[in-house]
Amino acid sequence: MNIWITGAAGFVGSRLVRLLLEEGAVDFAHLLLLDRRSDQIYADPRVEAMRGDFFDRELLAAASAYPPDWVFHLASIPGALAEREFALGQRVNLEGTLALLEALRSFRRSPVVVFASSVAVYGSPLPPLVDDQTPASPSSSYGTQKRIGELLLQDYTRRGYLDGRALRLPGIVARPPGPSGLASAFMSELLRHLEAGIPYTLPVSPQAAMWWMSARCAAENLLHAARLPLASQEPRIFLLPALWASVEEVVAEGARLFGNDRKEMVRYQPDPELEARFGRYPPLEAKRALAQGFHHDESLTNMMVRALEDFSKALRQDR
């Protein structure tokens, strides 16, 4: 089996790579890692890293030496950056995805393609409950680009060019520090500061509620999607189950895990516009995904422990 991962050096991509290599989740012959920035060196002879844009013609031509059985398409320009840099978001998230799908179509072997979509396709404001019947109504360039990617994946699947499945990912934590292009980066920053015991000022109120998922859980769901047998007429887009929790609840759990002094270290300076977009998430029901074997982190404790373990491992690898 040959596997491709676009965005392999990214936050979720690198966790998926660890799941495949360190935990032996799949028996494969060749793992091709595509990313613009990849300094990681792998001792495993089955792994090959190609540096460049995943949609670059020369890169795709070189990658064609290993026609894929599975493709995880994770590379994208994140939300806030895609909103600021419209042309960049269009080129990567929309035109790049189409170029990748066209390259895969040329192999004539219908690979399984797992597309990392986003809950951004639902737009803002959200209804009182988000479930499998909630229509996609994106209100950002990023959400629009992800929604178009879902539709392209469905159509290429309908025509038999590939076997696609799209996962609408929620907030994934705990991302490493530094610019991420994500307006929701405060979710990861909060977890890291709670563990380290460093004061932190949140741009949302204590009552702000979000959907939370650890990077490990996201990687496990991506891998499950690739393995999932789907009939040709089954829906190919999945709203993933996630934990719904307020910032206040997360801070309280952080205090229980790391010390009661953590509560006093968190300050609140809400940004009304940011909170309206990222702090007013309603309850989420993902019955269809749960029935198909997808999962969430089970508890805030598990989510925080898993997220921070992943962050620490990634930090050690960078060093």
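Per-chain numbering applies: the sequence of each chain, read as written, is numbered from 1 onward. Predicted model: local features are reported for residues with pLDDT of at least 70 only, side-chain atom pairs are reported and counted for 80 or more only, and whole-chain, interface and lining totals are derived from all residues. Side-chain calculation: all heavy atoms of the structure are included, whereas hydrogens and water are not.

**Q** Would you take a moment to explain the pairing of strand S9 (residues 209-214) for this structure?
**A** Walk down a regular strand and you will see the side chains alternate between the two sheet faces. Summarising burial for S9: 6 of the 6 residues are buried, a large majority. Burial here depends on accessible area, computed with a 1.4 Å probe over protein chains only, as a share of the maximum for the residue type. Under 20% is buried, over 50% is exposed, and the range in between is partly exposed. Labels follow the DSSP assignment, with helices taken as runs of H or I lasting at least four residues and strands as runs of E lasting at least two, numbered in each case from the N terminus. Because side chains alternate across S9, one face comprises the buried residues Ala209, Trp211 and Met213, and the other comprises Met210, Trp212 and Ser214, equally buried. By definition, two strands form a pair when at least two bridges between them are found by DSSP. Pairing analysis gives 3 bridges linking strand S7 (residues 171-173) to S9, with the strands arranged parallel. Each residue of the ladder has a partner; that of isoleucine 172, found in S9, is methionine 213. Relative to strand S11 (residues 243-246), S9 is paired through 4 bridges, and the arrangement is antiparallel. In the sheet register, alanine 209 faces S11, and the bridge partner there is serine 246.

**Q** Would you take a moment to explain the pairing of strand S2 (residues 30-35) for this structure?
**A** With 6 of its 6 residues buried, S2 lies for the most part within the structure. Of the two faces of S2, both are covered, the one formed by His30, Leu32 and Leu34 as well as the one formed by Leu31, Leu33 and Asp35. Bridging between strand S1 (residues 2-6) and S2 involves 5 bridges; their strand directions are parallel. Bridge pairing links isoleucine 5 to leucine 33 in S2. Handedness of a crossover is defined as follows: with both strands directed away from the viewer, a clockwise route from the first strand across the helix to the second makes it right-handed. Traced from S1 through helix H1 (residues 11-21) to S2, the parallel crossover comes out right-handed. For S2 and strand S3 (residues 47-51), the ladder comprises 5 bridges, and the chain directions are parallel. Residue pairing for S3: leucine 33 is matched across the bridge by alanine 49.

**Q** What am I meant to see in the sheet that holds S9 here?
**A** Across a sheet, paired strands are connected by hydrogen bonds in the backbone, their directions being either parallel or antiparallel. Pairing in this open sheet of 3 strands is mixed, and the strands run S7-S9-S11 from one edge to the other. On the outer flanks of this sheet lie S7 and S11, each paired with one strand and no other. For this sheet, the mean angle separating the axes of adjacent strands, direction not counted, is 50°. Seen against the sheet, helix H8 (residues 247-258) touches S9 and S11 and runs at an angle of roughly 90° to S11. Under this scheme, a helix contributes an axis fitted over its contacting stretch, all axes are lines through C-alpha atoms, and angles between N-to-C directions fall in the 0 to 180 degree range. Whether two residues are in contact is decided by their heavy atoms: any pair within 4.5 Å suffices.

**Q** Sorry if this is basic, but what is going on with the pattern of salt bridges here?
**A** Any two side chains of opposite charge can pair, given that their charged atoms come close. We count a salt bridge whenever a side-chain nitrogen from Lys or Arg sits within 4 Å of a carboxyl oxygen from Asp or Glu. On inspection of all chains with the given rule, the structure shows 16 salt bridges. A salt bridge links aspartate 69 to arginine 109; its shortest N-O distance comes to 3.0 Å. Here aspartate 69, found in the loop between helix H2 (57-63) and strand S4 (70-73), pairs with arginine 109, found in the loop between helix H4 (86-105) and strand S5 (112-118); they are 40 residues apart in sequence, far enough to count as distant. What makes aspartate 69 partly exposed here is its relative accessible area of 26%.

**Q** Please explain helix H5 (residues 141-158) as it appears in this structure.
**A** Note that an α-helix has 3.6 residues per turn; residues three or four places apart therefore point the same way. Under the convention used throughout, the expected extent of a helix is 1.5 Å for every residue step, that is, one less than its residue count. Look at H5: 26 Å from first C-alpha to last across 18 residues, which is about the 26 Å you get at 1.5 Å a residue. Burial in H5 covers these residues: Ser141, Tyr142, Gly143, Gln145, Lys146, Gly149, Glu150, Leu152, Leu153, Tyr156 and Thr157. Buried positions along H5 lie against helix H3 (79-84), H4, S5, strand S6 (163-169) and strand S10 (237-239). Once H5 ends, the next one or two residues include glycine 160, with phi positive near 85°.

**Q** Help me out: how do you make sense of the packing of aromatic side chains in this one?
**A** Each aromatic ring pair is specified by the distance between its two centres and by the angle formed by the two planes. Stacked, tilted and edge-to-face are the three classes applied to pairs of Phe, Tyr and Trp rings, where Trp contributes its six-membered ring and a pair requires centres within 6.5 Å; stacked means planes under 30 degrees apart, edge-to-face means over 60, and tilted covers the rest. Throughout the structure, instances matching the rule amount to 6 aromatic pairs. Ring centres 6.2 Å apart and planes at 90° place the aromatic pair tryptophan 70 and phenylalanine 72 in the edge-to-face group. For the residue pair tryptophan 70 and phenylalanine 72, the accessibility class agrees, reading buried in each case. Summarising the aromatic geometry, the rings of tyrosine 156 and tyrosine 161 are spaced 5.7 Å apart at their centres and angled 70° between planes, so their arrangement reads as edge-to-face.

**Q** I tried to follow the nonpolar core on my own but got confused; where do I start?
**A** Soluble globular proteins tend to pack their nonpolar side chains together in the buried interior. To define a nonpolar core, start from buried Ala, Val, Leu, Ile, Met, Phe, Trp, Tyr and Cys residues and group those joined through side-chain atoms within 4.5 Å. Of all hydrophobic cores here, the largest spans 74 residues; its most connected members are Ile5, Phe72, Leu190, Leu191 and Trp212. Per element, the largest residue contribution to this core is 8 residues, and it comes from helix H7 (residues 215-227). Isoleucine 5 has contacts with Leu16, Val17, Leu20, Leu31, Leu32, Leu33, Leu34, Phe72 and Leu74, leaving out every residue within four places of it along the chain. Formed by 28 residues, the second largest nonpolar core is a distinct cluster that contains Trp4, Phe54, Ala75 and Phe115.

**Q** Just to check I follow, could you spell out the environment of arginine 306 for this structure?
**A** Along the chain, arginine 306 turns up in helix H12 (residues 300-318). Owing to a relative accessible area of 24%, arginine 306 belongs among the partly exposed residues under this scheme. With 246 residues separating them along the chain, arginine 306 and leucine 60 place their C-alpha atoms 34 Å apart. Not counting chain neighbours up to four residues away, the residues in contact with arginine 306 comprise Ser214, Arg216, Cys217, Glu220, His295 and Asp297. A polar contact of 3.2 Å, which involves the side chain of arginine 306, links it to the side chain of aspartate 297. Here a polar contact means two N or O atoms within 3.5 Å. Within protein one must be a hydrogen donor candidate and the other an acceptor candidate, and residues neighboring in sequence count only if both atoms are side-chain atoms.

**Q** Which parts of the structure should I look at to understand H7?
**A** Taking 1.5 Å of rise per residue, the 13 residues of H7 would be expected to cover 18 Å, and the 19 Å separating its terminal C-alpha atoms lies within 8% of that figure. Burial runs high along H7: 10 of the 13 residues are buried. Regarding H7, the residues found buried are Ala215, Cys217, Ala218, Ala219, Glu220, Asn221, Leu222, Leu223, Ala225 and Ala226.

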